[in-house]
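Chain residues, written in single-letter form:
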Amino acid sequence: LKILEADKNKMENKNLIDLQNLDGKALEICIAQINKHFNIKFIKAENGEAIGELELEERHKNLFNIPYGGILFNLADCTTGMAFISLGRPGVTVSATANFMRGSQNTSKLICKAKVKRGGRKLFFVRAEIEDDQGVILSDFDFIFSTLD
């Protein structure tokens, strides 16, 4: 993987991924960045599938002691993105649909399972489900990603 060191005055030493030379190392960098910023740990990210886990903290919960919908959405976005990127093509989220089916007050962890369902030349369709640590499905999502190449 070719890593470009950005202009230190503009980017403050951040590393960028060279989109023309995307390989397995790029996935590792993406996983490390997501873990650093969002504390999501990836159990799997390969062949169009990904599993991400988030250990819940008090800051992730609303007044009803259930995880905020935005927390679930973020977990789904990151995990579906990892499923997509695991195919070796750079891209971004174009559209997403969320269905929040139930809240869970008695869970310590959220688990998101994502899988690329189909793709064409530019657009890829990825499905995800989030469950609690008891295996109860809390929400599902449909994402569309567009390639950058």
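Details of the structure are given in the entry above.
The present account deals with the structure reproduced in this document. Owing to the predicted nature of the structure, the values given are computational and were not obtained by experimental measurement. (Residues numbered from 1 in each chain as written. Predicted model: local features only at pLDDT ≥ 70, side-chain atom pairs only at ≥ 80, totals over all residues. Heavy atoms only, no water.)

A word on the environment of Leu75. Mapped onto the elements of the fold, Leu75 is located in helix H3 (residues 69-85). A sequence separation of 23 residues divides Leu75 from Gly52, and the C-alpha atoms of the two residues are 7.3 Å apart. (Helix = DSSP H or I, 4+ residues; strand = E, 2+ residues; numbered from the N terminus.)

Tracing the backbone through its elements, the reader meets Ser86 in the loop between H3 and strand E5 (91-100). Ser86 gets classed as buried once you look at its relative accessible area, which sits at 17%. (Buried < 20%, exposed > 50% of the residue type's maximum accessible area, 1.4 Å probe, protein only.)

Bringing H3 into the picture now. Counted at 1.5 Å a residue, the expected span for H3 with its 17 residues is 24 Å, and the 24 Å between its end C-alpha atoms agrees. Looking at H3, one finds that the buried residues are Leu72, Leu75, Ala76, Cys78, Thr79, Thr80, Gly81, Met82, Ala83, Phe84 and Ile85. (Expected span 1.5 Å × (residues − 1).)

With that out of the way, let us pick up the side chain of Ser139. Tracing the chain through its elements places Ser139 in strand E8 (residues 137-147). Since its relative accessible area comes to 0%, Ser139 is described here as buried. Setting aside residues no more than four positions away along its own chain, Ser139 makes contact with Leu72, Asn99, Phe100, Met101, Ala128, Glu129 and Ile130. (Contact = heavy atoms within 4.5 Å.)

Tallied over the full model, the rule gives seven aromatic pairs. Ring centres of Phe100 and Phe141 lie 5.9 Å apart, and the angle between their planes is 85°; this geometry places the pair in the edge-to-face category. Pair noted here: Phe100 is in strand E5 and Phe141 is in strand E8, with a separation of 41 residues, a long-range link. The exposure class assigned to Phe100 is partly exposed, which follows from its relative accessible area of 47%. Classification of Phe141 as buried rests on a relative accessible area of 0%. With 6.2 Å between their ring centres and 35° between their planes, Phe141 and Phe143 make a pair best called tilted. (Phe/Tyr/Trp six-rings, centres within 6.5 Å; stacked < 30°, edge-to-face > 60°.)

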